[in-house]
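# Residue-level structural notes
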Amino acid sequence: MSSYGYSSRTQHFVPPKQWASMRVARELERKTGQKIIHFEKGDYQGPDFDTPEHVLDATEQALRDGYVRYDPGPGLPELREAIAEKMGKRGRPTEPDEVIVTAGAKHSLTMNLLTFLEDGDEVIFPNPGYPPDEVWAKYANAVIKHTPLTKPDWQFDVEKLEGLITPKTKLVIINTPQRPNGHLVENPQEIADMLERHPQVMIISDEIFSQVTFGKPHLSISSIESIRDRVICIDTFSKTWAMTGWRIGWTVAPKPVIDKLSIFLQDSITNVAAFIQKAAHAALTGPQDWVDNKLVLLEQKRDRMVAGLNSVDGITCDTPDGAFYAFADISGTGLTSQQFTDRLVERAAVAVVAGTAFGSQGEGYVRVTYACSDDDIDEGMKRMREADLS
């Protein structure tokens, strides 16, 4: 059969761009048996980042206590209360009924984009940004616009952003600390002041690395009272407590938005597994020394990675203030981002992500992850210095 009658809305579906090099690296490992240095994974790697023990204990206890049944709704009350308290400390006074527990941040983004967008609506994404966000905007037949972040500090140019807004603009997406470059958005008040002039625009603020910052504070646009009722704030347990595979996050928004999202959630996945919610509650309310120690360790690894990248001919890299990514400028090699990425994994067995996976502004850059072992960082840098990519 040549055609299965797929919906025209899925014509743009392709495997995730940011995972393309990981797919290549895994196939090379399978075929050759050679160890690939995995700087392309947007995840924690190795025993330096095992999930906190008290979270594992809470998971086991929840399973034994019978938290294995349906629990339709926006989340366990105790978890929603803890998240509301957490958001209050971030500067966004929050009631538990303004919280919904989701299957990670990506699930929340999907629900929000499909809930708010329809044919002809406009949505503005940062460039560079996060590719999966755009998949569901396209599915909704929305018009996608990109606001270029300024180099080299990757900040929003508020004048350029406002120039893209029309009466049809429904959503603006903000991500801080940013993927793929690790920089914090430093002017949320300026953005908020501008958006006050455009009351039809909702703001989705993706803050999954909110608790992975080095030296500079995380600033949430949801803390700004004048536009708080138009901000949908998304966060996750994945990056703070190394719970990436557990698929649990949260969203904070005005209660009417949460009520609508709760219907979406119940009609799609029913609920996030209750025992995982209990584990998340333990992560949020339990001892935080693991988080504090992880930040110290990540900062050391960041500095090790940045120094290593700057030791490679043709590469320069600034020092990001958050996340666990570095966005290295490889334009000095004379190669495009994709050429550099392809040759590096084929000739040096080091996997990175081409910057163009995150938008046109990523040309000349590659993204690397430093949440891995020091040995892998050192070996990866050695291979990059010795590689002939010409």
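Before going into details, it helps to say that this report is about the structure given with it. Please read all numbers here as calculations on a predicted model, not as lab measurements.

### Here's the deal with helix H4 (residues 105-116)
- For H4, built from 12 residues, the straight-helix expectation of 16 Å at 1.5 Å per residue is met to within 8% by its first-to-last C-alpha distance of 16 Å.
- Of all 12 residues in H4, 9 are buried, a share of seventy percent or more.
- If you check which residues of H4 are buried, you get Ala105, His107, Ser108, Leu109, Thr110, Met111, Asn112, Leu113 and Phe116.

### Remarks on the sheet that holds strand S7 (residues 231-236)
- Here we have 7 strands laid out as an open sheet, ordered S2-S8-S7-S6-S5-S3-S4, and mixed in their pairing. Each of the sheet's edge strands pairs with one partner strand only, and the pair in question is strand S2 (99-102) and strand S4 (143-148). Direction aside, neighbouring strands of the sheet carry axes that sit 20° apart on average.
- Pairing geometry for strand S3 (residues 122-127) and strand S5 (residues 169-175), over 3 bridges, is parallel. Residue pairing in the sheet places Ile124 in a bridge with Val172 of S5.

### Focus on the nonpolar core
- If you look at the biggest cluster of nonpolar residues, it comprises 86 residues, and the most contacted ones within it are Phe39, Ile83, Phe237, Ile248, Leu309 and Phe340.
- In terms of residue count, helix H10 (residues 289-310) provides more of this core than any other element does, 7 residues in total.
- Setting aside its immediate chain neighbours within four residues, Leu309 contacts Ile315, Cys317, Ala326, Ala328, Val368, Met381 and Met384.

### Some points on the environment of Pro180
- Summarising the element assignment, Pro180 is placed in the loop between S5 and helix H7 (188-195).
- The exposure class of Pro180 is buried, given its relative accessible area of 0%.
- The spatial distance from the C-alpha of Pro180 to the C-alpha of Phe358 is 7.2 Å, given a sequence separation of 178 residues.
- Sequence-distant contacts of Pro180, that is, excluding residues within four places in its chain, are made with Pro128, Gly129, Tyr325, Ala326, Phe327, Phe358 and Arg367.

### A look at the packing of H4 against helix H5 (residues 132-139)
- Close contact between H4 and H5 brings their axes to 9 Å; oriented N to C, the two are set at 25°. Our classification of the angle between H4 and H5 gives roughly parallel. As H4 runs across H5, the sense of the crossing is right-handed. On H5, the residues that touch Lys106, Leu109, Thr110, Leu113 and Leu114 of H4 are Pro132, Asp133, Trp136, Ala137 and Tyr139.
- The residue makeup of the contact of H4 with H5, split by class, is 7 nonpolar, 1 polar and 2 charged.

### Thoughts on the environment of Asp329
- Within the secondary structure, Asp329 sits in strand S9 (residues 325-329).
- With 241 residues separating them along the chain, Asp329 and Gly88 place their C-alpha atoms 38 Å apart.
- Aside from chain neighbours lying at most four places away, what touches Asp329 is Gly314, Ile315, Thr316, Gly364 and Tyr365.
- Polar contacts involving the side chain of Asp329 include one to the side chain of Ser331, which spans 2.6 Å.

### Examining the pattern of salt bridges
- Per the stated rule, a full pass over the model turns up 25 salt bridges.
- Salt-bridge contacts for Asp235 lead to Arg90; the nearest nitrogen and oxygen are separated by 2.6 Å. Of the two residues, Asp235 sits in strand S7 while Arg90 sits in the loop between helix H3 (77-89) and S2, which places them 145 residues apart along the sequence. Summarising the burial analysis for this pair, Asp235 and Arg90 share the class buried.

The rules behind the values
Residues numbered from 1 in each chain as written. Predicted model: local features only at pLDDT ≥ 70, side-chain atom pairs only at ≥ 80, totals over all residues. Heavy atoms only, no water. Helix = DSSP H or I, 4+ residues; strand = E, 2+ residues; numbered from the N terminus. Expected span 1.5 Å × (residues − 1). Buried < 20%, exposed > 50% of the residue type's maximum accessible area, 1.4 Å probe, protein only. Pairing = 2+ DSSP bridges. Axes fitted to C-alpha atoms, helices over the stretch in contact; angles between N-to-C directions. Core = buried A, V, L, I, M, F, W, Y, C linked by side-chain atoms within 4.5 Å. Contact = heavy atoms within 4.5 Å. Parallel < 35°, antiparallel > 145°, perpendicular 65-115°, else oblique. Left-handed = near helix turned anticlockwise from the far one by under 90°. Nonpolar A, V, L, I, M, F, W, Y, C, P; charged D, E, K, R; others polar. Polar contact = N/O pair within 3.5 Å; in protein donor to acceptor, adjacent residues only side chain to side chain. Salt bridge = Lys/Arg side-chain N within 4 Å of Asp/Glu carboxyl O.

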